[in-house]
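Structural features, examined
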Amino acid sequence: MNYIGSKQRLTSFIKETIYEVVNDDLSKLIFCDIFAGTGSVGRNFKAEVKQLIANDMEYYSYTLLRNYITNSKVLKDTDALIEMLNTLEPQKGFIYTNYCRGGGTDRQYFTDENGQRIDAIRSEIETWKKAQKIDEATYYFLLASLLESADKVANTASVYGAYLKHIKKSAAPKLLLKPAQFLVDNKTHLVYNEDANVLIKKIKGDVLYLDPPYNARQYGANYHILNTIAKYDEFEPKGKTGLRDYNKSNYCSKPKVKASFEALIRDAQFKYIFLSYNNEGLMQVDEVKEIMEKYGAYSLKAIDYRRFKADKTANRNHKATKTEEYLHVLIKTI
Ligand SMILES: C[S@@+](CC[C@H](N)C(=O)[O-])C[C@H]1O[C@@H](n2cnc3c(N)ncnc32)[C@H](O)[C@@H]1O
């Protein structure tokens, strides 16, 4: 999934730094990815650590993590289930009615056909769960598969803060449900759907990886459609974009971010803490350093990184910008 702040292309930099600092066999350690998003960082350590803990305050992310992180045993009959879902008759449900042109609103997040396919697949997954035809592991596997496949045909520039007036090329093909593959490792991993500052008081481990939002853009607003597909609840969509009520993170607020970040570091019961942040964030590099160094031995790693960002005005043209990505490192002593 093309996700704001995804660390997929930075995983080798993150991994090398973590191995260098921890200087140990990770197979004895508990690793926590507490702002996990798509789970790209945690997933990369799944095979190597004793246990993963992953968390995100957004429900669509929790859904993905329940599949990619928690699922660790081979599931039965998934090919047949995917095939059944792919051959369902389209259905006029909540997504079609509220987020497709044919549904009667002006919104066009999906083609009419794909909106109806999402509705048909999402309803069937829920029916199977209620009838206990599938277990919880399979339920999250199918939901994650639907989120990933729906995102591929979304008619947006990048996020769901706006839809496009004309159907773009990648949004036109018929949605095909593809399996969201996960690593089978037969271990027990833990996944949460909480505010990081609340969860941190309840967990303990060795390596804590922090990848909070770095600017004011709230994930709940930018990915509201994914939450709606994952939850599939009834509500009154608001305004031009059909927004639902969404979580507001302190990490997206200039007045709140520093106090929340310091509380997180203070309450963390982890020896090694790594924070990904870049030079365009709400907190300045020196402010992060000032907070972290109060709690132990601090150091900083940096890497130049080319990322693509949507043009602010047209929200359409993607421009390559050079950003400096940091990995702030703390070996906690107090
Ligand atoms: C930069 S993204 C993480 C990206 C992730 N590392 C990846 O590669 O996909 C930040 C994530 O933090 C989550 N988030 C924001 N505030 C949070 C909070 N207070 N507690 C838990 N998660 C939060 C967002 O929903 C978002 O998924």
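1. Quick look at the overall build of the chain
Secondary structure summary: the chain contains twelve helices and seven strands in total. Rg of the C-alpha trace for the chain: 20 Å, near the compact-globule value of 20 Å for 334 residues, within the 12% margin. Reported as C-alpha extents along the three principal axes, the dimensions of the chain are approximately 60 × 45 × 30 Å. Expressed as a percentage of its 334 residues, the buried residues of the chain come to 41%.

2. Regarding the pairing of strand β5 (residues 272-278)
With six of its seven residues buried, β5 lies for the most part within the structure. Judged from the four bridges that link them, strand β4 (residues 207-210) and β5 form a sheet pairing that is parallel. Looking across to β5, one finds that Val207 is bridged to Tyr272.

3. Thoughts on the site of the ligand
Around the ligand, 24 residues are found, and the nearest of them are Gly5, Phe35, Gly37, Thr38 and Ser249. Class assignment for the residues of the shell around the ligand results in ten nonpolar, nine polar and five charged.

4. Overview of helix α7 (residues 136-152)
With 17 residues, α7 ought to run about 24 Å at 1.5 Å a step, and its terminal C-alpha atoms sit 25 Å apart, in line with that. If you check which residues of α7 are buried, you get Thr138, Tyr140, Phe141, Leu142, Leu143, Ala144, Ser145, Leu146, Leu147, Ser149 and Ala150. Looking at the packing, one finds that the buried side of α7 touches α3 (59-70), α4 (78-86), α6 (112-130) and α10 (224-231).

5. Describing unusual backbone geometry
The phi angle at Gln132 is positive, at roughly 55°, despite the residue not being glycine. Among the structural elements, Gln132 can be located in the loop between α6 and α7. You will see that Tyr232, though not glycine, has its phi angle at about 50°, which is positive. As for its placement among the helices and strands, Tyr232 is situated in the loop between α10 and α11 (254-267).

6. Observations regarding the packing of α3 against α10
α10 packs onto α3 with a crossing angle of 60° between their chain directions and a minimal axis gap of 8 Å. Classed by the angle they form, the pair α3 and α10 counts as oblique. Contacts between α3 and α10 involve Tyr59, Tyr60 and Thr63 on the former and, on the latter, Leu226, Asn227, Ala230 and Lys231. Looking at the contact of α3 with α10 residue by residue, the classes come out as four nonpolar, two polar and one charged.

7. Structural notes on the packing of α3 against α7
As a packed pair, α3 and α7 sit with axes 8 Å apart at the nearest point and diverge in direction by 125°. If you check the angle between α3 and α7, you find them oblique. In this structure, α3 crosses over α7, and the sense of that crossing is left-handed. Along the contact surface, α3 presents Tyr60, Thr63, Leu64, Arg66, Asn67 and Tyr68, while α7 presents Tyr140, Phe141, Leu143, Ala144 and Leu147. Here the residues of the contact of α3 with α7 sort into eight nonpolar, two polar and one charged.

8. Concerning the confidence of the model for the chain
In the predicted model, the chain carries a mean pLDDT of 94, and the fraction of residues at 70 or more is 95%. Long-range and interchain partners of residues 310-318, a stretch whose pLDDT sits below 50, account for eleven contacts in this model, where long-range means more than four residues apart.

9. What to know about the environment of Thr38
Position of Thr38 among the secondary structure elements: in the loop between β1 (30-33) and α2 (40-45). Sequence separation between Thr38 and Ser6 is 32 residues; the distance between their C-alpha atoms is 7.3 Å. Once you skip the residues sitting within four places of it in the chain, Thr38 turns out to touch Met1, Tyr3, Ser6 and Leu64.

10. Details of the nonpolar core
Core analysis: the biggest nonpolar cluster contains 86 residues, and Phe110, Leu146, Leu147, Leu208, Ile229, Ile273 and Phe274 have the highest contact counts within it. In terms of residues, this core owes the most to one element, α7, which gives eight residues.

11. Overview of the environment of Asp304
Among the structural elements, Asp304 can be located in strand β6 (residues 296-310). The spacing of Asp304 and Met283 is 21 residues in sequence and 18 Å in space, taken between C-alpha atoms.

The rules behind each value
- Residues numbered from 1 in each chain as written.
- Predicted model: local features only at pLDDT ≥ 70, side-chain atom pairs only at ≥ 80, totals over all residues.
- Helix = DSSP H or I, 4+ residues; strand = E, 2+ residues; numbered from the N terminus.
- Rg over C-alpha atoms; globule rule 2.2 N^0.38 Å.
- Buried ≥ 20, exposed ≤ 12 C-beta atoms within 10 Å, placed from the backbone.
- Pairing = 2+ DSSP bridges.
- Near = placed C-beta within 6 Å.
- Nonpolar A, V, L, I, M, F, W, Y, C, P; charged D, E, K, R; others polar.
- Expected span 1.5 Å × (residues − 1).
- Contact = placed C-beta atoms within 7 Å.
- Axes fitted to C-alpha atoms, helices over the stretch in contact; angles between N-to-C directions.
- Parallel < 35°, antiparallel > 145°, perpendicular 65-115°, else oblique.
- Left-handed = near helix turned anticlockwise from the far one by under 90°.
- pLDDT = per-residue confidence, 0-100.
- Core = buried A, V, L, I, M, F, W, Y, C linked by C-beta atoms within 7 Å.

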